[in-house]
Amino acid sequence: MERTVAGTTVRGRTVGPETRCAHYDTAHDVIAIRAACCDIYYPCRACHDAVADHEYRVIPRDAFDDPAILCGACGTTLTVGEYAACDDDCPSCGHAFNPGCKRHWHSYFAER
């Protein structure tokens, strides 16, 4: 499935209007993350693995200044650095992000 959020395509088995998916579907699950392997945004790594035909690759440290996080609430894209510093709220619209996402840092981004 594909959904366009503020002009950005987000893919996954299911993708809600604010990028929620079957794996993460709380009010705070409103980010999509760009996979380094294909430059496509997915709500989560499990969504990538469900629909992609290749192995997932995390965003390397030298790409932490590139757009990589999409706020599904307002459509703002953040760099990995901006996301890491945002205190679990979108710096543009203030929507709360799931604070648990950062516990899975290693699944999406190279170690800091």
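Structure first, text after, so check above.
J.: Help me out: how do you make sense of empty space enclosed by the protein in this one?
T.: To locate leftover empty space, one rolls a probe as large as a water molecule over the atoms. Throughout the structure, instances matching the rule amount to two cavities of 30 Å³ or more. Considering only enclosed or pocket space, the largest cavity measures out at about 140 Å³ in volume. If you go around the largest cavity, you meet 14 residues; those closest to its centre are Tyr 24, Asp 29, Ile 31, Pro 43 and Cys 101. Among the residues making up the lining of the largest cavity, the classes are represented as eight nonpolar, four polar and two charged. Considering only enclosed or pocket space, the second largest cavity measures out at about 30 Å³ in volume. Every residue along the wall of the second largest cavity is listed here: Ile 33, Tyr 83, Cys 101, Lys 102, Trp 105, Tyr 108 and Phe 109. Residue composition of the lining of the second largest cavity, grouped by class: six nonpolar, no polar and one charged.

J.: Teacher, can you tell me more about the state of the cysteines here?
T.: Simply put, the disulfide is a covalent bond whose two ends are the sulfur atoms of two cysteines. Applying the stated criterion across every chain, the model contains zero disulfides. Considering cysteine sulfurs only, Cys 90 is the nearest to Cys 86, which forms no disulfide, with 7.6 Å between them. By relative accessible area, Cys 86 is classed as buried at 11%. Residue Cys 90 stays outside any disulfide, its sulfur separated by 3.8 Å from that of Cys 71, the closest cysteine.

J.: For this particular structure, what's the right way to read the side chain of Ser 107?
T.: As for its position among the elements, Ser 107 is in helix H3 (residues 105-108). Residue contacts for Ser 107: discarding those within four places in its chain leaves Arg 45, Tyr 56 and Val 58.

J.: Whenever I open this one, the pattern of salt bridges confuses me. Can you help?
T.: Side-chain pairing between opposite charges can occur once the charged atoms of the two side chains come close. What the rule picks out here adds up to four salt bridges. Measuring nitrogen to oxygen at the nearest pair gives 2.7 Å for the salt bridge that ties Arg 11 to Glu 2. For Arg 11, a relative accessible area of 29% gives the class partly exposed. In this structure, Asp 88 and Lys 102 form a salt bridge, with 3.6 Å as the shortest nitrogen-oxygen distance. Placement of the pair is Asp 88 in the loop between helix H2 (80-84) and H3 and Lys 102 in the loop between H2 and H3, with a sequence separation of 14 residues. As far as burial versus exposure is concerned, Asp 88 and Lys 102 are alike and both buried.

J.: I'm lost on the pairing of strand E3 (residues 31-35) in this one. Help?
T.: Every other side chain in a regular strand lies on the same face of the sheet, so the side chains alternate between the two faces. Here E3 lies mainly inside the structure; five of its five residues are buried. What you see with E3 is no split at all: Ile 31, Ile 33 and Ala 35 on one side and Ala 32 and Arg 34 on the other are buried throughout. Where E3 lies against strand E5 (residues 67-71), three bridges are found, and the strand directions are antiparallel. Counted as the bridge partner of Ile 31 is Cys 71 from E5. Note: E3 against strand E4 (residues 40-42), three bridges, orientation antiparallel. When the bridges of E4 are listed, Ile 33 appears paired with Tyr 42. In textbook terms, the turn of a hairpin is the stretch between consecutive antiparallel strands, and for E3 and E4 this stretch comprises four residues, one of which, Asp 39, has a positive phi near 55°.

About the thresholds
- Residues numbered from 1 in each chain as written.
- Predicted model: local features only at pLDDT ≥ 70, side-chain atom pairs only at ≥ 80, totals over all residues.
- Heavy atoms only, no water.
- 1 Å grid on protein atoms, 1.4 Å probe; cavity = no way out; pocket = protein on both sides within 12 Å on 5 of 7 lines; lining within 4 Å.
- Points joined across faces, edges and corners; volume = space filled by probe spheres on them.
- Nonpolar A, V, L, I, M, F, W, Y, C, P; charged D, E, K, R; others polar.
- Disulfide = S-S within 2.5 Å.
- Buried < 20%, exposed > 50% of the residue type's maximum accessible area, 1.4 Å probe, protein only.
- Helix = DSSP H or I, 4+ residues; strand = E, 2+ residues; numbered from the N terminus.
- Contact = heavy atoms within 4.5 Å.
- Salt bridge = Lys/Arg side-chain N within 4 Å of Asp/Glu carboxyl O.
- Pairing = 2+ DSSP bridges.

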